[in-house]
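For reference, the chains in residue letters:
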Amino acid sequence: MFVSYTFVSSPVLCVDTTAYKFDLVWPSLRVLARSSPSDKYVLVTGIINSKLSKNREVVAVTGDGTNDAPALKAADVGFAMGIAGTDVAKNASDIILTDDNFTSIVKACMWGRNVYDSISKFLQFQLTVNVVAVMLCFIGSCAHGASPLRAVPMLWVNLIMDTFASLALATEPPTTDLLNRKPYGRTKPLISRTMLKNIIGHSVYQMVVMLIILFYGQTLFKLDEASYDTDDPTTHGTILFNAFVWMQIFNEINSRKCHGERNVFKGIFNNYIFVGVIVGTTCAQIVLIQFGGHAFSTKGLNWYEWLICVAIGAFELIWGQVVASIPKTIIPSGMRLGTQPFTQEEATQARMLWMRSLKRVQHQIRVANAFKRAGHERHRRLSLLAEDGERKQSVNRSKTSLNKSNDKMADSNV
């Protein structure tokens, strides 16, 4: 295959930069000689506004000088040099290469894709938990007049869902496999069809299990009373809560992969935080169930009930393989969420809201520090007053003892 290369000097590019003639030049352009800052800017904006391809081109620019700032600012991604680069170029760029090494761009791409995947994993897990918890509480409240999950167990579920899950799923180290995938498009949905398939599939399994335990658990486990018959902790309510948590623990392992991968255990021991969160959550769940009592609305379970709850949760791994076998095309493409990119006005408003929130937090921190300093100052003054009072009392005591000794000496002389 023959590939033609074009070497263009900057005056040729600047003579006529209409979109039509520009599109005739730039696909085969490899070197732009004797270019001025305006030529670089024209090249970047021309490729961005090009109509040759169906999708808009994504342009990255590297630079280190002040003259490169306009092109760095106009590009989708601007790379500035951290050592040789000027402050103007750094401020106009999106990413700064601290070691001035171009191989760091590969690491930046790998980490960027890893961050994107971490957000997708967390969203996939959290939305599944939210859907099941909300539907379960709604159906249980409508059927029996009370939520199947009490207040304190719900707080524990929220702790698993928000804090521990974010630590576990957002700390996955990047791998070279991320570079084998095609880059994400600018309009790629934040919640893809594969993620929706996983969310719906696991939500259906969990809802079916929870409704069976809710309505038929008393008969299946041969229990004396149901959770909705009394306000005291019951075995029925504890089994319901325990099975729900174990399904989330194993679904958290499933959520490590969000692109249809089957081996959810690949590289799991490379993330010590994930392993620690899973082990810690498991140990805490055992303690809460067996020793929580009235504080956590739980009642100790026997080995058979524990076996059933853990088996229900472990079946999430098998069910994950079943869901992975279902093609994502069963989800209509219109159900993808987050396909519309932000406009410049929306991005500006979001940036202003972020800065306003940051300033508000900084103001609150200053107020808290002021109160803290005032408290320390008041404590210091009280300490000084107390020391001064003790000093005066000691002086008075010494004077009194001295006067008594003088009086005794005077009496003895008389």
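Residues numbered from 1 in each chain as written. Predicted model: local features only at pLDDT ≥ 70, side-chain atom pairs only at ≥ 80, totals over all residues. Heavy atoms only, no water.

Caption draft 1: Quick look at the pattern of salt bridges. Under the definition given, this model contains 4 salt bridges. With a closest N to O distance of 2.6 Å, K40 and D68 form a salt bridge. Placement of K40 in helix α3 (residues 37-48) and of D68 in the loop between β3 (60-63) and α4 (69-74) is noted, with a sequence separation of 28 residues between them. Residue classification places K40 among the partly exposed positions, given a relative accessible area of 30%. Residue class for D68 comes out buried when judged on its relative accessible area of 9%. (Salt bridge = Lys/Arg side-chain N within 4 Å of Asp/Glu carboxyl O. Helix = DSSP H or I, 4+ residues; strand = E, 2+ residues; numbered from the N terminus. Buried < 20%, exposed > 50% of the residue type's maximum accessible area, 1.4 Å probe, protein only.)

Caption draft 2: Region of interest: the nonpolar core. Residues I213, I239, F241, F244, V245, F274 and I312 are the most contacted members of the largest nonpolar core, which totals 47 residues. Counting residues per element, the ones that place at least two in this core are α6 (104-144), α7 (151-169), α8 (193-220), α9 (235-254), α10 (272-291) and α11 (303-325). Ranked by residues supplied to this core, first place goes to α9 with 11 residues. Leaving out residues up to four positions away in the same chain, F274 has contacts with A168, L169, E172, E252, I253, R256 and I268. Among the nonpolar cores identified, the runner-up in size contains 16 residues, and W26, L32, L43 and A75 belong to it. (Core = buried A, V, L, I, M, F, W, Y, C linked by side-chain atoms within 4.5 Å. Contact = heavy atoms within 4.5 Å.)

Caption draft 3: Seen up close, α7. Across its 19 residues, α7 extends 26 Å between first and last C-alpha, which sits within 8% of the 27 Å expected from 1.5 Å per residue. Along α7, the residues classified as buried are P153, M154, W156, V157, I160, M161, A165, A168 and L169. Tucked inside the fold, the buried residues of α7 contact α6, α9 and α10. (Expected span 1.5 Å × (residues − 1).)

Caption draft 4: Seen up close, the sheet that holds strand β4 (residues 77-81). Pairing within the open sheet is parallel, and its 3 strands lie in the order β3-β4-β5. At either end of the open sheet lies a strand with only one pairing partner, and these are β3 and β5 (95-97). Across this sheet, the average inter-strand angle for adjacent strands is 25°, counted without regard to direction. Where β4 and β5 come together, 3 bridges link them in parallel fashion. For F79, the partnering residue across the bridge sits in β5 and is I95. (Pairing = 2+ DSSP bridges. Axes fitted to C-alpha atoms, helices over the stretch in contact; angles between N-to-C directions.)

Caption draft 5: α11, seen in detail. Between its first and last C-alpha atoms α11 spans 34 Å; for 23 residues at 1.5 Å apiece the expected length is 33 Å, and the two agree. Where α11 is buried, its residues touch α8, α9 and α10. Two or three places before Y304, at the opening of α11, N302 has a side-chain oxygen 3.2 Å from that residue's backbone nitrogen. (Polar contact = N/O pair within 3.5 Å; in protein donor to acceptor, adjacent residues only side chain to side chain.)

Caption draft 6: Just the packing of aromatic side chains, in detail. Overall, the coordinates contain 6 aromatic pairs when judged by the stated rule. Seen from their ring centres, W156 and F164 are 6.2 Å apart, and the 75° between their planes marks the pair as edge-to-face. You can call F164 partly exposed: its relative accessible area is 24%. Each ring, one from W246 and one from W306, has its centre 6.4 Å from the other, and the planes form 85°; the classification is edge-to-face. Pair noted here: W246 is in helix α9 and W306 is in helix α11, with a separation of 60 residues, a long-range link. Like W306, W246 is buried. (Phe/Tyr/Trp six-rings, centres within 6.5 Å; stacked < 30°, edge-to-face > 60°.)

Caption draft 7: View of the environment of F265. In this fold, F265 is placed in the loop between α9 and α10. Overall, F265 belongs to the partly exposed group, its relative accessible area being 42%. For the pair F265 and N254, spaced 11 residues apart in sequence, the C-alpha separation works out to 8.5 Å. Ignoring sequence-local partners within four residues, the contact set of F265 consists of I253, R256 and L317.

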